[in-house]
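Each chain, written out:
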Amino acid sequence: MTNTEQRPPASGPDRPIALITGVGRSIGIGAGIARRLAATGWDVAFTYWTPYDRRMEWGAEPGAAASIEKELAEAGARTAAIEADLTDPDAPTRIFDEAEQRLGGQVTALVLSHAESVDSGLLDTTVEAFDRHFAVNSRASWLLIREYGLRFRGAPGTTKDTTPGTTPSPTPGTTPSPTPDTTPGTATGRIVALTSDHTVGNLPYGASKGALDRITLAAAHELAHLGVTANVVNPGPVDTGWMNDELRETLVRGTPLGRLGTPLDTAHLVGFLCSPEGQWVNGQLLKSNGGAAS
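Read on for a plain summary of the structure. (Residues numbered from 1 in each chain as written. Predicted model: local features only at pLDDT ≥ 70, side-chain atom pairs only at ≥ 80, totals over all residues. Heavy atoms only, no water.)

## A word on the overall build of the protein
Argument step 1. The helix and strand tally for the protein stands at eight helices and seven strands.
Argument step 2. The proportion of buried residues among the 294 residues of the protein is 48%.
Argument step 3. Accessible surface computed for the protein: about 13800 Å², of which carbon and sulfur atoms make up 56%. (Helix = DSSP H or I, 4+ residues; strand = E, 2+ residues; numbered from the N terminus. Buried < 20%, exposed > 50% of the residue type's maximum accessible area, 1.4 Å probe, protein only. Areas by Shrake-Rupley, 256 points an atom, 1.4 Å probe, with all protein chains shown as cover.)

See below:
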């Protein structure tokens, strides 16, 4: 049986902790990733920000955080839903403090799926909108990655690799051995950021996501001594309720596989990157878009 085929550990301290940002709607990509990681052996802390959804055309989803928490718990995960305004520079520290306090351990995987995305182009973007996009998509991502790097204590050879599948579930009534993983080059920490190359007509979003790419790829090198990998995923066109019929049809025609992406498509790739099998993938910008043209 391979690592990916093993049953996830039962709820408890043997499950590593993933922190996922931007999990505000049950049909969103962030929620899909949270479900996948919970099903494959992770405890999950996640952030959401209801005022953002309220001002978007799809509106806020009442009770979404509680509903998502319930789903994750049914998959065996301990959960912590944290409402956080990522325009606040102090928010990342508070998020990590709360995640660690409520779940009782350090964050092993950081998945950045939050976004500020309000369409505007070169000529009609306001300074306020430009600054807000960069505050959420770029600055907050940098601060979250920095906070992760300051706290993570999983360097190869010093800390047991608690990524799902690397440690068999203990025999009932026994205590698992704390033997460290001393394999040279083993990476136990994970950073995955979701990006977009949609810039035309969506300038502040695309530009700020481009900055996010560079920040995350820098982490692949600057945090390597901690045993951390960092990758960027471009999910391509995923319909989570923001597309109109005309746009949906256009995007489907431009995709060789003849369909749009789903949150689960993205979640499968993120789940792999967070798994032991994904540890050799590092410092990459990966497209998971069915072959859609940029």
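Alright, that's what it looks like, and here's the rest.
## Considerations on the sheet that holds strand β2 (residues 43-48)
Argument step 1. Read from one edge of the open sheet, seven strands run β3-β2-β1-β4-β5-β6-β7, paired in parallel fashion. Two strands bound the open sheet, and with one partner strand each, they are β3 (79-83) and β7 (285-287). On average, adjacent strands in this sheet sit at an angle of 20° to one another, irrespective of strand direction.
Argument step 2. Bridge count for strand β1 (residues 17-21) against β2 is four bridges, and the pairing is parallel. Its bridge partner being in β2, L19 is matched across the sheet by A45.
Argument step 3. Sheet strands touched by helix α5 (residues 127-151): β1, β4 (107-112), β5 (189-194) and β6 (228-234). Its angle to β4, the strand with the most contacts, is close to 170°. (Pairing = 2+ DSSP bridges. Axes fitted to C-alpha atoms, helices over the stretch in contact; angles between N-to-C directions. Contact = heavy atoms within 4.5 Å.)

## Digging into the pairing of β1
Argument step 1. Of all five residues making up β1, five are buried, and the element is well covered by its neighbours.
Argument step 2. Residues of β1 alternate between two faces, with I17, L19 and T21 on one and A18 and I20 on the opposite face, all of them buried.
Argument step 3. With helix α1 (residues 29-39) bridging β1 and its parallel neighbour β2, the resulting β-α-β unit is right-handed.
Argument step 4. Sheet topology places β1 next to β4; five bridges connect them, and they run parallel. (Right-handed = clockwise from strand over helix to strand, strands pointing away.)

## Overview of helix α3 (residues 64-74)
Argument step 1. Taken together, the buried positions of α3 are occupied by A64, A65, I68 and L72. For α3, the buried positions fall inside an angular range of 95° around the axis, keeping them on one side. Exposed residues pointing more than 90 degrees away from the buried face of α3 are listed as A66, K70 and E74.
Argument step 2. Looking at the buried positions of α3, the neighbouring elements they touch are α1, β2 and β3.
Argument step 3. Where α3 ends, the next residue or the one after it, G76, has phi of about 100°, a positive value. (Arc of directions from axis to C-beta.)

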